[in-house]
Amino acid sequence: MPLVKGGKGGKITADPLIHVADDADIPGEGAILISAARFLEDAEALSLRAGRTAVIWPNNRDVDDLVPHLGRLAGVALVFPTFRDGRAYSQARLLRERHGFKGELRATGQVLRDQFVFMLRAGFDAFEVKKQSDAEAFAATVKRYSVFYQPTGDGRITALHRRMQLRHSESAGQ
């Protein structure tokens, strides 16, 4: 599956995380992605491993259960089981805005190209897509939109705030 890193460039990249099944041994080194159940079984020990740890967090679990561990996680993959189920959008906003999560926030599951911009605005910065053509479309979409009116979890300033900054800098220069 292609992985697209959002940010400002929209790059298609190899996934640096090794997906570890629940019944497989966890490697001592290297970046891993494990299930929420496996992570919560032994969060303390996993946080002490040499490699980075990321967790797949289902959209039917409360993100408050994850909050005590956020400082030790390299990433959180939020699941979209169907394109009609938007709970992962809410989870992303909570993690970014309320809990200040700075690590990778990955969208996984039914990630559709029609929803890329909305996912970016909610705070996602990495996307597992099923097809290479979707990855290419996403990379182009990221570059297409640079100004937004609504404030959201991606950290970009709104069009209104840009105008206010411009006016402030102009009035300060006079």
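What counts, and where the lines are drawn
- In this numbering scheme, every chain counts its residues from 1 along its sequence in written order.
- In view of the model being predicted, local features appear only for residues whose pLDDT reaches at least 70, and side-chain atom pairs are presented and counted only at 80 or more, with totals across whole chains, interfaces and linings using the full set of residues.
- Think of the side-chain values as coming from all heavy atoms in the structure, minus any hydrogens and water.
- For helices the rule is a DSSP run of H or I covering at least 4 residues; for strands it is a run of E covering at least 2, with both sets numbered from the N terminus onward.
- Polar contact criterion, stated in full: a pair of N or O atoms within 3.5 Å, where within protein one must be able to donate a hydrogen and the other to accept it, and residues adjacent in sequence count only if both atoms are side-chain atoms.
- Criterion used throughout: strands pair if DSSP finds at least two bridges between them.
- We call two residues in contact when some of their heavy atoms are within 4.5 Å.
- Interaxial angle, 0 to 180 degrees, is taken between N-to-C directions of lines fitted to C-alpha atoms, where a helix line uses only the stretch in contact.
- The working definition used for a salt bridge is a side-chain nitrogen of Lys or Arg within 4 Å of a carboxyl oxygen of Asp or Glu.
- Note on classification: 1.4 Å probe, protein chains only; a residue is buried when its accessible area is under 20% of the maximum for its type, exposed when over 50%, partly exposed between these limits.

A word on the side chain of Arg96
Here is step 1: Along the chain, the position of Arg96 falls in helix α3 (residues 87–98).
Here is step 2: Among the polar contacts made by the side chain of Arg96, one reaches the main-chain carbonyl oxygen of Phe101 at a distance of 2.7 Å.
Here is step 3: Here Gly103 takes part through its backbone oxygen, which lies 2.8 Å from a polar atom of the side chain of Arg96.

Concerning the sheet that holds strand β7 (residues 104–109)
Here is step 1: If you walk across this open sheet you meet the 8 strands as β2-β1-β8-β7-β6-β5-β4-β3, and the pairing is mixed. Two strands bound the open sheet, and with one partner strand each, they are β2 (11–13) and β3 (18–19).
Here is step 2: Here 4 bridges tie strand β4 (residues 32–35) to strand β5 (residues 53–57), and the two strands are oriented parallel to one another. When the sheet's bridge partners are listed, Ser35 is paired in β5 with Ile56.
Here is step 3: Those strands touched by α3 are β5, β6 (75–80) and β7, and its axis lies near 160° from that of β6.

Regarding the pattern of salt bridges
Here is step 1: This model, assessed by the stated rule, comprises 8 salt bridges.
Here is step 2: Between Glu44 and Arg72 there is a salt bridge, with the nearest N and O atoms lying 3.0 Å from each other. In this pair, Glu44 is assigned in helix α2 (residues 43–47) and Arg72 in the loop between β5 and β6, connecting sequence segments 28 residues apart.
Here is step 3: Its relative accessible area of 48% is what places Glu44 among the partly exposed residues.
Here is step 4: For Arg72, a relative accessible area of 33% translates into the label partly exposed.
Here is step 5: Within the structure, one salt-bridge network assembled from shared partners comprises Lys5, Asp15, Glu104, Arg106 and Glu128.

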